[in-house]
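The chain contents come next:
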Amino acid sequence: MKQRPLRKLMLATSLVFATSSAMAFEPERTAECIAPANPGGGWDFTCRSVGKVLTDLGYIEGNVQTVNMPGAGGGVAFAHTLSKREGDSALMVAASTATTTRLAQGQFRGMTAEQVKWAAALGADYGVIAVAQDSPYKTLNELMDAIKADPLSVKFGGGSALGGWDHLKVLIAAKAAGVTELPKIKYLAYNGGAEAITQVVGGHIQGFTGDVSEVLGFVESGDLRVLAVLAEERLPGELGGMPTAVEQGIDAVAPNWRGFYLPAGIPDDAYEWWTQTYDKLYASNEWKQVMQQNGLMPFHKSGAEFEAFVQQQVKDIRELSIEIGLIK
Amino acid sequence: METLNFLLQGFAVALTPEHLMFAAIGAILGTLIGALPGLGPANGVAILIPLAFSLGLSPAASLIMLTSVYAGAMYGGRISSILLNIPGDEPAMMTTLDGYPMAMKGKAAEALAISAIASFIGSLLATIGLIILAPILARFALHFGAAEYFALFALAFATLGGITGKNQVKTIVAACLGLMIATVGVDISTGNQRYTFDILELYEGVDFIIAIVGLFAVSELLFFIEKHVGEGLAAAKLNKLNLKMSDILHVIPTSLRGSVLGFISGVLPGAGASLGSFVSYTLEKRVVGSKGQFGEGDPRGVAAPEAGNNAAANGALVPMLTLGVPGSGTTAVLLAMLISLNIQPGPMLFTQNAELVWGVIAALLVGNLMLLALNIPMIGLFVKLLSIPPKYLMPVVTLVAAVGIYSISNSALDLYFMVGFGLAGYVLRKLEVPLVPVILGMLLGPEMELNLRHALAISDGDWTALFSSGLSLTIWSLAFLGLALPYIVGPILRRRMENARARLEVPEEGD
């Protein structure tokens, strides 16, 4: 009887050696995905759709459970990941440009982008600047010239709060176009893109700033004219009709990416496994279908490249926010 | 034609087996809630919202279930009015006038059947009215700029107390409480935190679903504990139904008149279902004149208010869906539900979420048929359910509410808030401060503030912009009327309603 504990120990150690030599990292049977918002929003969609493809393709044997954790625009989930989930390699948290914007502006008090591991972006919705069909402005340059002449002449509306990503898109474009009085540009915050679009179509305000997915229906119906897509090149397929800012000589790119971060303190091989899995998922036909059905456009970065991208985005947003006097 | 197409698409949504099931569940629960005295439609919907969340229902399924609850509660309110002379909810008050005398004469089953048919006609006509009117109002959307919206919200607040409201000051206090709670969280016009005290959970403000469940459902439980009502209602007797076709035909003109009046008072903000049933009843009395036996068990006296209050209930959906301005307490709760589902009610709803809206409208039509079917053959079952002791019912209600609230965001803080709101609701109800304005303040306050700021930003700080368009001036004058009317017409209407009620209570005392 006395030998038993010893034998157990030996068995255990041999097992540990066996697994660590044969396979670097064994993913958990089930995983959890935190959507830092209520059901129905973008983060919720990111979790559920990625979770489904992960299980459909067999990368996760069991299921990926989506947990909604709304609050503080993702701040509650970020704090939860930092304080309670360190080293949990079966957890991923949905994130987007909204997350980096808030991190850059110090809205998650005492928390920074370096405190988690950024895993991958799996698609993006690109920024657009649009006007009503009957607007006198036909190109982005005409619009920017009007702003240069009188910043109050064009009022923009968008679906994010003041200083949020929709607001920043206008500023990114204006800055690239050489507008100097950035703080004077008027931005009205609405409760959603659609609400802002109605106001533009109704002629109450002049410019709309938002994402491509928000304007599609209104472009089709002929109510809205897109002056510029803030992407590096023209979008694929039918969306190719919309001009980019870059081709009009205004070097403004503003992707609203969708992706994930992982808790700090997870083993390197776990991080490796996740980034590689995201790469494979991005390349899969199943994911391409999800992207197409939901208006997501190609945008993929993972691992170290994504880390660097996020840090750079945070830095850029911080500089811009300081410039318009939003933060000190 | 376009409307008809949309409606057909709506039926495609409403007639899926899943949605039919939720419509049926909603109709049954709603009838039950309406029948139980005290649990009005607003409470009923408030209690069931967390259920929709915890079941993880899709927006369409949640809305179909909750609108069925709403419609069901309007049907259910009449059951206890007729059988026990206790209105199940406020709008059903007028039904007691002739319903209870009918029951006393041993015609309870006939009264219930006639009122079910009248309710059906009322709901049906009002739903058709909704189908015709809503798209027209929605097309009006583009004319609404920030200034017009601001005026519209002012109108909503001005008519809050309702034309028959008793204490305007308490209504204003309640609305202010709501407005104050609404200021907590990020101010999206400046990006600043207000009253969040660095607590992350408060950054997005106080969730009004939690407030609603606390204020309505939890306070209901506290009232129950206080009253120690252990027993169910006295078992009501039901005779065998003996209804002839001629009896039904006899009340059809009455129901039609009641429906039209009810619908109009439902569409007007501030009027609501109580006024709908009252106006229908008194008008019917005028029309019939001395030939009727109103107050002594005239079937037309049952049909008129029931057609009226059901029509008003559906009519109240028109301003809620098209303008985002609720016409009654229950629609305010439904509005909160919509916003929580990331659906912004208002002019854009009909273009942005056409499938959903028309699905709900089609579900209302389907639900009505279901309710009619439920309420004639199965009425005996509801009468039995009425005698379930609340001591079993209330804990279940509270449990459902708590589980639902927790499942929204998995946060224990929300539960504390729910209990806090429950206590506040209890105190407010003791002080006779109405609760619906609190919710409306929370719902509409941020919108009103945002639109004021937008209006001023657009006009570069010129306040006269608020009164510059014809549309905004029209809305402002309506708002002014809404404020003034209760002082002019209110006392008269109220006296009449009380008189009508008092006349009934005389024979009751004689018993």
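Quick caveat: nothing in here was measured; it's all calculated off a predicted structure.

Peer 1: Hey, could you run me through the overall build of chain A in this one?
Peer 2: Check the secondary structure of chain A and you find 11 helices and 10 strands. Dimensions of chain A, computed from the C-alpha atoms along their principal axes, are close to 90 × 40 × 30 Å. Within the span of chain A, comprising 328 residues, buried residues form 50% of the whole. Taking contacts inside chain A between residues at least 6 apart in sequence as the whole, the part at least 24 apart equals 77%.

Peer 1: Would you explain the overall build of chain B in this entry?
Peer 2: Along chain B, the regular secondary structure elements total 22 helices and 2 strands. Considering chain B as a whole, with its 511 residues, one finds that 58% of them fall into the buried category.

Peer 1: Mind showing me how you'd approach the domain arrangement of chain A here?
Peer 2: The parts lose accessible area when they come together, and the size of an interface is often stated as this lost area. Residues and elements named next belong to chain A. Examined at the domain level, chain A breaks down into domain 1 (30-124 + 256-323) and domain 2 (125-255). Using only C-alpha atoms to locate each centre, domain 1 and domain 2 end up separated by 26 Å. Listed as interface residues are 15 residues of domain 1 and, on the opposing side, 16 residues of domain 2. Looking at the side of domain 1 that touches domain 2, the elements with two or more residues in it are α4 (97-104), β9 (255-262) and α11 (303-323). When grouped by side-chain class, the residues that make up the side of domain 1 that touches domain 2 number 8 nonpolar, 6 polar and 1 charged.

Peer 1: In this structure, what is going on with the pairing of strand β3 (residues 91-96) of chain A? I would like to understand it.
Peer 2: Successive residues of a regular strand alternate their side chains across the two faces of the sheet. Residues and elements named next belong to chain A. Of all 6 residues making up β3, 6 are buried, and the element is well covered by its neighbours. Because side chains alternate across β3, one face comprises the buried residues Leu91, Val93 and Ala95, and the other comprises Met92, Ala94 and Ser96, equally buried. As judged from the 3 bridges shared by strand β1 (residues 31-35) and β3, these two strands associate in the parallel manner. Following the sheet pairing, Glu32 is matched in β3 by Leu91. In this structure, β3 lies alongside β9, joined through 4 bridges in antiparallel fashion. The residue bridging Ala94 from the neighbouring strand is Phe260, located in β9.

Peer 1: Would you take a moment to explain helix α8 (residues 212-220) of chain A for this structure?
Peer 2: Two residues of an α-helix separated by three or four positions point the same way, owing to the 3.6 residues in each turn. Residues and elements named next belong to chain A. Within α8 the residues assigned to the buried category are Val212, Glu214, Val215 and Phe218. Projection of α8 onto a plane perpendicular to its axis shows the buried side chains occupying an angular sector of 145°, all on one side. Looking one or two residues past α8, Gly222 carries a phi angle of roughly 80°, positive in sign.

Peer 1: What is the right way to look at the interface of chain B and chain A in this model?
Peer 2: Each side of the interface is counted separately: chain B has 29 residues, and chain A has 33 residues. Among the elements that make up the side of chain B that touches chain A, the one with the highest residue count is helix α20 (residues 436-458) of chain B (3 residues). Counted by class, the side of chain B that touches chain A contains 13 nonpolar, 12 polar and 4 charged residues.

Peer 1: Can you help me understand the nonpolar core in this one?
Peer 2: One recurring pattern in soluble globular proteins is that nonpolar side chains are buried together. Of all hydrophobic cores here, the largest spans 272 residues; its most connected members are Ala173 of chain A together with Ile49, Leu66, Ile212, Val213 and Ile439 of chain B. Considering each element in turn, this core owes the most residues, 18 residues, to helix α6 (residues 108-139) of chain B. Split by domain, this core shows at least three residues from each of two domains, domain 1 (30-124 + 256-323) and domain 2 (125-255) of chain A. Aside from chain neighbours lying at most four places away, what touches Ile439 of chain B is Gly178, Phe208, Ala211, Ile212, Ala332, Val333 and Ala336 of chain B.

Peer 1: Just checking my understanding: could you explain helix α12 (residues 299-315) of chain B for this structure?
Peer 2: In this model α12 of chain B runs 24 Å from its N-terminal to its C-terminal C-alpha over 17 residues, within 8% of the 24 Å that 1.5 Å per residue would give. The element α12 of chain B is extensively covered by neighbouring structure, given that 17 of its 17 residues are classed as buried.

Peer 1: Which parts of the structure should I look at to understand the confidence of the model for chain B?
Peer 2: Note that predicted coordinates carrying low pLDDT should not be read in detail. Residues and elements named next belong to chain B. Per-residue confidence for chain B gives a mean pLDDT of 80; residues scoring 70 or more make up 90%. For chain B, helix α22 (residues 490-510) is the element with the lowest average pLDDT, namely 60, and helix α19 (residues 412-430) is the one with the highest, namely 91. Every residue in residues 506-511 scores below 50 in pLDDT, and together they form 1 contact with partners more than four places removed in sequence or on other chains. What the predictor reports for the complex is a pTM of 0.75 with an ipTM of 0.73.

Peer 1: Explain the environment of Met497 of chain B to me, please; I cannot follow it from the model alone.
Peer 2: Residue and element names in this part refer to chain B. Looking at where Met497 falls in the secondary structure, it is placed in helix α22. Residue Met497 is classed as partly exposed on the basis of its 19 C-beta neighbours within 10 Å. Once the C-alpha coordinates of Met497 and Leu275 are considered, the two residues, 222 residues apart in sequence, prove to be 9.4 Å apart.

Peer 1: Just checking my understanding: could you explain the packing of helix α9 (residues 208-227) of chain B against α20 of chain B for this structure?
Peer 2: Each pair of packed helices can be summarised by the angle the axes make with each other and by the distance between the axes. All names here are of chain B. Direction vectors running N to C along α9 and α20 enclose 180°, while the axes themselves pass 10 Å from each other. On the basis of the axis angle, α9 is roughly antiparallel to α20. Only Val438, Ile439, Met442 and Leu443 of α20 make contact with α9, whose side of the interface consists of Phe208, Ala211, Ile212 and Leu215. Residue composition of the contact of α9 with α20, by class: 8 nonpolar, no polar and no charged.

Peer 1: In this structure, what is going on with the packing of helix α4 (residues 59-84) of chain B against helix α14 (residues 329-340) of chain B? I would like to understand it.
Peer 2: All names here are of chain B. For the pair α4 and α14, interaxial distance at closest approach is 11 Å and the crossing angle is 170°. Classified by the angle their axes make, α4 and α14 are roughly antiparallel. Across from Ser62, Leu66 and Tyr70 in α4, the residues of α14 making contact are Thr330, Leu334 and Met337. Tallied by class, residues from the contact of α4 with α14 come to 4 nonpolar, 2 polar and no charged.

Peer 1: Teacher, can you tell me more about unusual backbone geometry here?
Peer 2: It is generally the case that most residues other than glycine have a negative phi and that most peptide bonds are trans. Backbone geometry places Glu432 of chain B, a non-glycine residue, at a positive phi of 60°. On the neighbour-count criterion, Glu432 of chain B (9 C-beta atoms within 10 Å) is exposed.

Peer 1: Teacher, can you tell me more about the environment of Ser189 of chain B here?
Peer 2: With respect to the element layout, Ser189 of chain B can be found in the loop between β1 (185-187) and β2 (192-194). Leaving out residues up to four positions away in the same chain, Ser189 of chain B has contacts with Leu162 and Ala189 of chain A together with Leu450 and Arg453 of chain B.

Peer 1: Just to check I follow, could you spell out the environment of Gly470 of chain B for this structure?
Peer 2: All names here are of chain B. In this fold, Gly470 is placed in helix α21 (residues 470-488). We classify Gly470 as exposed; it has 9 C-beta atoms within 10 Å. As a C-alpha pair, Gly470 and Glu148 span 322 residues in sequence and 9.4 Å in three-dimensional space.

Peer 1: Hey, could you run me through the confidence of the model for chain A in this one?
Peer 2: In the predicted model, chain A carries a mean pLDDT of 86, and the fraction of residues at 70 or more is 92%. Looking across chain A, the model is least confident in helix α1 (residues 3-22) of chain A, with a mean pLDDT of 44, and most confident in helix α5 (residues 140-149) of chain A, with 95.

Conventions used here
- Residues numbered from 1 in each chain as written.
- Chains lettered and ligands numbered in written order.
- Predicted model: local features only at pLDDT ≥ 70, side-chain atom pairs only at ≥ 80, totals over all residues.
- Helix = DSSP H or I, 4+ residues; strand = E, 2+ residues; numbered from the N terminus.
- Buried ≥ 20, exposed ≤ 12 C-beta atoms within 10 Å, placed from the backbone.
- Contact = placed C-beta atoms within 7 Å.
- Domains from an automatic or database assignment.
- Nonpolar A, V, L, I, M, F, W, Y, C, P; charged D, E, K, R; others polar.
- Pairing = 2+ DSSP bridges.
- Arc of directions from axis to C-beta.
- Core = buried A, V, L, I, M, F, W, Y, C linked by C-beta atoms within 7 Å.
- Expected span 1.5 Å × (residues − 1).
- pLDDT = per-residue confidence, 0-100.
- Axes fitted to C-alpha atoms, helices over the stretch in contact; angles between N-to-C directions.
- Parallel < 35°, antiparallel > 145°, perpendicular 65-115°, else oblique.

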